[in-house]
Amino acid sequence: MIEYFKADAGTVVALERAEPGCWINLVNPTRQEIDSVIVSQHVDAGFINAALDPEETSRVELEDDQALLIVDIPVEEESDSITRDVQMYATLPMGIVVAEDVVITVCLEDTSVTRDIASGKVRGVQTAMRTRFVFQLLLRVAGRFLNYLHRIERSFSDIERRLYDSLRNEELMMLLGLQKSLVYFSASLKGNEVTMEKVLRGRILKLYEDDRDLLEDALIEIRQAIEMASIYSSILAGTMETYSSVVSNNMNDIMKTLTVITLIMTIPNMVFGFYGMNVSHLPGAISFIPGIIAVIGCIVAWQFLKKSKLY
């Protein structure tokens, strides 16, 4: 999919075709769409194709009068049958190409980062001011990371409350999924921080004072998100370790109870087995005395185990 947008009097409007000062948004484009943008905007083919590799890392590249910024953006991941009750997250690379007259974004998925700008939810967008528009995109990416981190924290709190009532494998698998999301976020955020710091030096894009402030705001939010992801990861790791110990202790208690029951039930088997042999001359062999002996033996054994704090 290929879309064209331009800010007109503070409002982002869709265009039929590209024109100077517009924003071109490519979402999982076809080869024909890629070729048309490369030819019409005279951009490096490698810049467009780089962001279509899901394994591409965050980086910045400058060639002639064109600049490429690749940043990782957070996306919602489809949940499986186990984690269907909690939302999982991952990251995808998004390429931002600053060409001579336009700004081009390239991504494999249609994400909320670009969709919010295209729908007019972000105020003050000016696509003609390419540097500022790029920094507005970066600020939106940082804000989206923070938003998803807050969602992860709420999901973790909800799962933790459920774990108090039910220690099931499903809850632990959900916590594992959230921890994996945080690992993705931490790695991507650190890469984005390095990329933004390179841009902040002013060697990639020409920085104006207002633009510098915008980029610094984005960097502050990225660093805040890194700190939050680190804290949440530590809390999750500690919680999972604690609940694993609780599950292990519960299993030990169950095995201890079963062992005690087995020991106590061995006494009646011994008594009835002894009387079941050809020993009819024993006292009470044909009465209820064996049952009484078995009951007394069980009570004495239970009291001994209890007094010894073995049960």
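Residues numbered from 1 in each chain as written. Predicted model: local features only at pLDDT ≥ 70, side-chain atom pairs only at ≥ 80, totals over all residues. Heavy atoms only, no water.

**Considerations on the side chain of Ser233**
1) Next: Along the chain, Ser233 falls in helix α6 (residues 209–276).
2) Next: Here Ser233 falls in the buried class, since its relative accessible area comes to 18%.
3) Next: Those residues in contact with Ser233 that lie beyond four places of it in its chain are Gln179, Leu182 and Ser186. (Helix = DSSP H or I, 4+ residues; strand = E, 2+ residues; numbered from the N terminus. Buried < 20%, exposed > 50% of the residue type's maximum accessible area, 1.4 Å probe, protein only. Contact = heavy atoms within 4.5 Å.)

**A closer look at a negative patch on the surface**
1) Next: On the surface, a cluster of negative charge is contributed by Glu63, Asp64, Asp65, Glu100 and Asp101.
2) Next: Take Asp64: it is sitting in the loop between β4 (59–63) and β5 (66–77).
3) Next: Taking the relative accessible area as the measure of exposure, Asp64 reaches 70% and is therefore exposed. (Patch = residues over 30% accessible without salt bridge, like charges linked within 9 Å, V, L, I, M, F, W, Y side chains within 5 Å. Areas by Shrake-Rupley, 256 points an atom, 1.4 Å probe, with all protein chains shown as cover. Salt bridge = Lys/Arg side-chain N within 4 Å of Asp/Glu carboxyl O. Lys, Arg positive; Asp, Glu negative; His and termini not counted. Charge placed at Lys NZ, Arg CZ, Asp CG, Glu CD.)

**Quick notes on the sheet that holds β4**
1) Next: The 7 strands lie next to each other as β2-β1-β3-β7-β6-β5-β4, forming an open sheet whose pairing is mixed. Lying at the two open borders of the sheet, with one neighbouring strand each, are β2 (11–15) and β4. Adjacent strand axes in the sheet meet at a mean angle of 25 degrees when their direction is disregarded.
2) Next: Relative to β2, strand β1 (residues 2–8) runs antiparallel, the two being bridged by 5 bridges. Looking at the pairing, Lys6 lines up with Val13 of β2. (Pairing = 2+ DSSP bridges. Axes fitted to C-alpha atoms, helices over the stretch in contact; angles between N-to-C directions.)

**Details of the packing of aromatic side chains**
What characterises a pair of aromatic rings is the spacing of the ring centres plus the angle enclosed by the ring planes.
1) Next: The tally for this structure, following the rule as stated, stands at 5 aromatic pairs.
2) Next: For the ring pair Trp23 and Phe133, a centre distance of 5.3 Å and an interplane angle of 55 degrees mean the geometry is tilted. Residue Trp23 is found in strand β3 (residues 23–27), and its partner Phe133 is found in helix α4 (residues 130–165); the two are separated by 110 residues along the sequence. The same class applies to Trp23 and to Phe133, which are both buried. (Phe/Tyr/Trp six-rings, centres within 6.5 Å; stacked < 30°, edge-to-face > 60°.)

**Some points on a nonpolar patch on the surface**
1) Next: On the surface, Met251, Ile254, Met255, Leu258, Ile261 and Met265 cluster together to form a nonpolar patch covering roughly 580 Å² of accessible area.
2) Next: Turning to its location among the elements, Met255 is positioned in helix α6.
3) Next: Judged by its relative accessible area of 45%, Met255 falls in the partly exposed class.

**Side note on the side chain of Arg144**
1) Next: Position of Arg144 among the secondary structure elements: in helix α4.
2) Next: Those residues within four positions of Arg144 in sequence are excluded, and the remaining contacts are Pro74, Ser112, Val113, Asp116 and Arg151.

**Overview of helix α1 (residues 31–41)**
1) Next: When α1 is considered as a whole, its buried residues turn out to be Glu33, Ile34, Val37, Ile38 and Gln41. On an axial view of α1, the arc spanned by its buried residues comes to 135 degrees, and they lie on one face. Facing away from the buried side of α1 by more than 90 degrees, the exposed set consists of Gln32 and Val39.
2) Next: The elements touched by buried residues of α1 are β1, β3, α2 (45–50) and β7 (103–107).
3) Next: One or two positions beyond α1, positive phi appears at His42, with a value near 55 degrees. (Arc of directions from axis to C-beta.)

**Description of the nonpolar core**
1) Next: By size, the foremost hydrophobic cluster in this structure holds 64 residues, and its most contacted members are Val134, Phe135, Leu138 and Leu205.
2) Next: Of all the secondary structure elements, the ones that give two or more residues to this core are β5, β6 (88–98), β7, α3 (112–118), α4, α5 (169–200) and α6.
3) Next: The element that contributes the greatest number of residues to this core is α4, accounting for 15 residues.
4) Next: Listed in part, the 19 residues of the second largest apolar core include Ala51, Val97, Ala99 and Ile104. (Core = buried A, V, L, I, M, F, W, Y, C linked by side-chain atoms within 4.5 Å.)

**A closer look at the pairing of β1**
1) Next: As judged from the 4 bridges shared by β1 and β3, these two strands associate in the antiparallel manner. For Glu3, the partnering residue across the bridge sits in β3 and is Asn25.

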